[in-house]
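Understanding the architecture of this molecule
Next come the chains, spelled out residue by residue.
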Amino acid sequence: MSREVLDPPVQGMSQNRRYRVNVVHEDFGGDKWNGGNKQGRPANKGYEEPDLYGEDDDEEDPAVAQIEENGSGGYKLSFHVSKSFYGGLIGLKGSTKRRIEEETRSEIYIPRQHEESSNVTIKARDRSQVCAALRQIRCLVGSLRRKMRPTHFLAVPLNFGEVQNGFLELKKSILEAQFPGIDEELFISEICIHITLGVYVLLDDNERKKALEELEFCRSILADLTTPFEMKVKGLEIMNDDPSSARILYGCVEAPELQKFADRCLAHFQTTGLAATDNNERDSIKLHMTVLNNRYRKKANSAAKTPNSFDVRELLKQFGDFDFGSAQCSAVHLCALNSSGTDGFYKISGSLKF
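This report concerns the structure included in the present document. (Residues numbered from 1 in each chain as written. Predicted model: local features only at pLDDT ≥ 70, side-chain atom pairs only at ≥ 80, totals over all residues. Heavy atoms only, no water.)

**Remarks on the sheet that holds strand β4 (residues 75-80)**
As summarised here, the arrangement of the four strands in space is β3-β4-β6-β5, forming an open sheet in which the pairing is antiparallel. The open sheet has two free edges, formed respectively by β3 (68-69) and β5 (106-109), since each of these has just one partner strand. Examined bridge by bridge, β5 and strand β6 (residues 119-124) share four bridges and lie antiparallel to one another. Opposite Ser-106, over in β6, you have Ala-124 as the bridge partner. Lying over the sheet, helix α5 (residues 127-146) contacts β4, β5 and β6, oriented at roughly 25 degrees with respect to β4. (Pairing = 2+ DSSP bridges. Helix = DSSP H or I, 4+ residues; strand = E, 2+ residues; numbered from the N terminus. Contact = heavy atoms within 4.5 Å. Axes fitted to C-alpha atoms, helices over the stretch in contact; angles between N-to-C directions.)

**Overview of the pattern of salt bridges**
Note that side chains of opposite charge can pair when their charged atoms are close. Counted according to the given criterion, the structure contains 18 salt bridges. The salt bridge partner of Glu-101 is Lys-97, with a shortest N-O separation of 3.0 Å. Of this pair, Glu-101 and Lys-97 both sit in helix α4 (residues 95-104), separated by four residues, roughly a single helical turn. Linking Lys-232 and Asp-323 is a salt bridge whose minimum nitrogen-to-oxygen distance equals 2.9 Å. Linking Lys-232 in strand β9 (residues 229-238) with Asp-323 in strand β12 (residues 323-329), this pair joins segments that are 91 residues apart in sequence. We classify Lys-232 as partly exposed; its relative accessible area is 25%. In this structure Asp-323 comes out as partly exposed when scored by relative accessible area, which is 36%. (Salt bridge = Lys/Arg side-chain N within 4 Å of Asp/Glu carboxyl O. Buried < 20%, exposed > 50% of the residue type's maximum accessible area, 1.4 Å probe, protein only.)

**Section: the pairing of β6**
Judged from the six bridges that link them, β4 and β6 form a sheet pairing that is antiparallel. Bridged to Phe-79 within β6 is Val-120.

**Looking at the side chain of Asp-204**
Relative to the elements of secondary structure, Asp-204 occurs in the loop between β8 (194-200) and α7 (205-217). Buried and unpaired, Asp-204 has no salt bridge, with Arg-208 as the nearest side chain of opposite charge at 6.1 Å. A distance of 3.5 Å separates the side chain of Asp-204 from the side chain of Ser-82, its partner in a polar contact. Here the side chain of Asp-204 touches Glu-207 through a polar contact of 2.9 Å, landing on its backbone nitrogen. Each residue touching Asp-204, except ones within four places of it in the same chain, is listed here: His-80, Ser-82 and Lys-83. (Lys, Arg positive; Asp, Glu negative; His and termini not counted. Polar contact = N/O pair within 3.5 Å; in protein donor to acceptor, adjacent residues only side chain to side chain.)

**Structural notes on helix α8 (residues 256-269)**
An α-helix turns once per 3.6 residues; consequently, residues spaced three or four apart project the same way. With 14 residues, α8 extends 20 Å between its outermost C-alpha atoms, agreeing within 8% with the 20 Å of an ideal straight helix rising 1.5 Å per residue. Among all positions in α8, only Leu-258, Phe-261, Ala-262, Cys-265, Leu-266, His-268 and Phe-269 are buried. Buried residues of α8, viewed axially, fall in a sector of 165 degrees; they line one side. (Expected span 1.5 Å × (residues − 1). Arc of directions from axis to C-beta.)

**So, the nonpolar core**
If you look at the biggest cluster of nonpolar residues, it comprises 65 residues, and the most contacted ones within it are Leu-197, Leu-258, Phe-261, Leu-315 and Phe-324. Element by element, the count of residues in this core is highest for α8, at six residues. Ignoring sequence-local partners within four residues, the contact set of Leu-258 consists of Val-156, Ile-195, Leu-197, Phe-229, Met-231 and Leu-287. If you look at the next biggest cluster of nonpolar residues, it comprises 23 residues, including Ile-67, Ile-110, Ala-124 and Leu-134. (Core = buried A, V, L, I, M, F, W, Y, C linked by side-chain atoms within 4.5 Å.)

Structure below.
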C-alpha cells in the first residue's frame, strides 16, 4: 500500500494542530497543484490555495495589461469598479474583502464613498496573486450585477412615419371599441414606441462610457448586413399564453437584417459584463413593439387592488392582423430606462448611426 496513505504528509499549524495535506496525482495537475513538491511533503512556506486557472485565463481581461511592478518588488493593479459594488466587495464588517485577501495572499484597497477615485487597488508579491484577486473581484461584481435591475436599454425608435400613424389609428379604434378592462393608461406613449435590442446595468459614467465603446465596436458586425434596416410591423401577439390574462400586447416586427444585428449585439454584450440578467440568459432577441403593458397602469388610490392583467381575446379577434406599416432603421440608441428627453422620447446616452 502506498506510503502516502499510511503516512500522509501533514502541515503543522498553531496551538499544536496538525492537518493532512491532500496530494494530487501529477496526471491531475502535478506540479501546478502541489507547488512542485512531487513527494507530497510540505514545503517550508505556509499553506497557499492553489490557482487552478493560471494566468493564461486572465489574459482576455484588459485590466491584466495594467499590472505593474511596484518599488518594493511586488505587483500592483488599479482598476475601475462602480461604487455601487463597494458594499458587496467589503462584506459584513469587511469579511468578504478579508476572505479574498487571505485566499489570494493579496492586499486590496477599496476607496471610501466620499473619495473621488473609484479605482480598486490590488497589491501582492506575485503577479499571479494579483490575477487571482482580480478574478475573484470580477466574479463577485458579476454576481452582484445580476441581482440588480436594468438601468439602460438599446432602442430602435419607431415614433415616426407610417408606424406611429398606424399606432395612433389602432389606439383610437381599441378605445372606441370599449373592451372591458382596457383603457388609455395601458398604452405606451406614441412618442416612445420602439424596439428593444438589449438591456444593461450601467451604474456610473465610466460604465456608460464603456457601454458606448462596446456599442461602437458593434459597427464591425454591420459589414455583411444591408443598411438601413428595413422593418415591417404587422400583427398583434401577447407575451404569455393566456389572452384572457395578458400583461403585454405587442406588434410583431419583421426585419431579418435587424434580427441578425440584434443577435450579434446580444452575443457581444454578454462578454462585457454589462448585460442585465435577462440578456445573459437568452441567445436571441425577440423583436417586438410594445403596444399595451400592464406596468403602465397607474396604482389606484382606492383600497381596491389594481388589476395585474387584461383580457385581449376580443381585441385579438378584431385587430390581430393589424398592419402598422413599414419603417427604416439607420441608428440605434443607448437610452436610460424610466427617463424622458427634451423631445419626450427616452433620454439618450449615445448612439450608433449607420
